Amino acid sequence: MKKIVLLAALMAFGFGNSQAFEGKGDQKFQVGANFQDEATGINITFDYGLGDNISVGISSSYALGIDDRLDADFGDRFDLKGRFNANLGNVLKIDDNFDFYPGLSLSLKNFGGHVGARYFFSEGFGIYTEAAFPLAKYSDDKTDVGYYLYNQFTINIGASFNL
């Protein structure tokens, strides 16, 4: 019984000391899977806190599994984005370990928005999910591979790390 109480106390201490977004100077690195209709791939994100509730960063994705009917080279598969987030976890006061962040992104392929959430289990490790959507289309040309890869709703799921 003493071991169970000690384990529970250690876990509570670990969970109690984590914080999803700490404000100015906060740095987050995220790596995860990217899912969309025409492809699956990987997504890497870095965010840097500018203030209590504002962060900026970069995000990159690479489409690995593309529908066989699309002929995509490296340039078609790769995207790089600059991003802006409004980190609202502390405003919503749900939990110190939880952060909810809507934002905007400008990429090599389109202009869009995203809505994300992350939850930290410890000071350095958590999980995240993001839903991204285009606000300005990449292309209206249906013969262009980018029309199918960058004009759609995507979901990212993965791990988040404090740096």
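Our structure is the block above this text.
Residues numbered from 1 in each chain as written. Predicted model: local features only at pLDDT ≥ 70, side-chain atom pairs only at ≥ 80, totals over all residues. Heavy atoms only, no water.

Draft legend 1. Representation of the sheet that holds strand 7 (residues 125-136) within the structure. In spatial order, the strands read 1-2-3-4-5-6-7-8; together these eight strands close into a barrel with antiparallel pairing. Averaged over all pairs of adjacent strands, the angle between strand axes in this sheet comes to 25°, irrespective of strand direction. (Pairing = 2+ DSSP bridges. Helix = DSSP H or I, 4+ residues; strand = E, 2+ residues; numbered from the N terminus. Axes fitted to C-alpha atoms, helices over the stretch in contact; angles between N-to-C directions.)

Draft legend 2. How the structure looks around the nonpolar core. Of all hydrophobic cores here, the largest spans eight residues; its members are Ala39, Ala63, Ile66, Leu70, Ala72, Val145, Leu149 and Tyr150. Elements with a contribution of two residues or more to this core: strand 3 (54-66) and helix 4 (145-150). If you tally residues by element for this core, the top one is helix 4, at three residues. Here Leu149 is in contact with Gln36, Glu38, Ala39, Ile66, Leu70 and Asp76, once residues within four sequence places are set aside. (Core = buried A, V, L, I, M, F, W, Y, C linked by side-chain atoms within 4.5 Å. Buried < 20%, exposed > 50% of the residue type's maximum accessible area, 1.4 Å probe, protein only. Contact = heavy atoms within 4.5 Å.)

Draft legend 3. Structural detail: the side chain of Gln30. Tracing the sequence through the fold places Gln30 in strand 1 (residues 27-35). Side-chain polar atoms of Gln30 contact the side chain of Ser160, separated by 3.2 Å. Filtering out sequence-adjacent residues up to four positions away, Gln30 remains in contact with Asn43, Ile44, Thr45, Tyr101, Arg118, Tyr128, Glu130, Ala159 and Ser160. (Polar contact = N/O pair within 3.5 Å; in protein donor to acceptor, adjacent residues only side chain to side chain.)

Draft legend 4. A nonpolar patch on the surface, seen in detail. On the surface, a nonpolar cluster with roughly 870 Å² of combined accessible area is contributed by Phe35, Leu104, Leu106, Phe111, Val115, Phe133, Leu135, Phe153, Ile155 and Ile157. Those elements giving two or more residues to the nonpolar patch turn out to be strand 5 (98-107), strand 6 (111-120), strand 7 and strand 8 (154-162). Along the chain, Phe111 falls in strand 6. (Patch = residues over 30% accessible without salt bridge, like charges linked within 9 Å, V, L, I, M, F, W, Y side chains within 5 Å. Areas by Shrake-Rupley, 256 points an atom, 1.4 Å probe, with all protein chains shown as cover. Salt bridge = Lys/Arg side-chain N within 4 Å of Asp/Glu carboxyl O.)

Draft legend 5. Molecular detail of the pattern of salt bridges. This structure, assessed with the given rule, holds six salt bridges. For Asp99, the salt bridge identified is with Arg118, shortest N-O distance 3.5 Å. Within this pair, whereas Asp99 is found in strand 5, its partner Arg118 is found in strand 6, the two being separated by 19 residues in sequence. Look at Asp99 and you get buried, because its relative accessible area is 1%. Linked through salt bridges whose partners overlap, the residues forming this network are Asp47, Arg83, Asp99, Arg118 and Glu130.

Draft legend 6. Structural context of the environment of Lys81. Mapped onto the elements, Lys81 comes out in strand 4 (residues 78-86). A residue is classified by how much of its surface remains accessible, and Lys81, at 21% relative accessible area, is partly exposed. As for Lys81 and Asn110, which are separated by 29 residues in sequence, their C-alpha atoms are 8.8 Å apart.

Draft legend 7. Quick look at empty space enclosed by the protein. For the structure on display, the rule yields one cavity of 30 Å³ or more. Secondary-structure elements contributing two or more residues to the lining of the largest cavity are strand 2 (39-49), strand 3, strand 4, strand 5, strand 6, strand 7, helix 4 and strand 8. For the lining of the largest cavity, the element with the highest residue contribution is strand 3, accounting for five residues. When the residues that make up the lining of the largest cavity are grouped by side-chain class, the tally is seven nonpolar, 17 polar and five charged. (1 Å grid on protein atoms, 1.4 Å probe; cavity = no way out; pocket = protein on both sides within 12 Å on 5 of 7 lines; lining within 4 Å. Points joined across faces, edges and corners; volume = space filled by probe spheres on them. Nonpolar A, V, L, I, M, F, W, Y, C, P; charged D, E, K, R; others polar.)

Draft legend 8. Spatial organisation of the pairing of strand 8. Sheet topology places strand 1 next to strand 8; eight bridges connect them, and they run antiparallel. Pairing of Gly32 across the sheet is with Gly158, part of strand 8. Note: strand 7 against strand 8, eight bridges, orientation antiparallel. Each bridged residue has a counterpart across the sheet, and for Thr129 the counterpart in strand 8 is Ile157.

Draft legend 9. The pairing of strand 5, seen in detail. A one-sided burial pattern is seen for strand 5, the buried positions being Asp99, Tyr101, Gly103, Ser105 and Ser107 and the unburied ones Phe98, Phe100, Pro102, Leu104 and Leu106. The sheet contact formed by strand 4 and strand 5 spans five bridges and is antiparallel. What sits directly across from Lys81, in strand 5, is Ser107. By the bridge criterion, nine bridges tie strand 5 to strand 6 in an arrangement that is antiparallel.

Worth remembering: the numbers are spatial, not functional.
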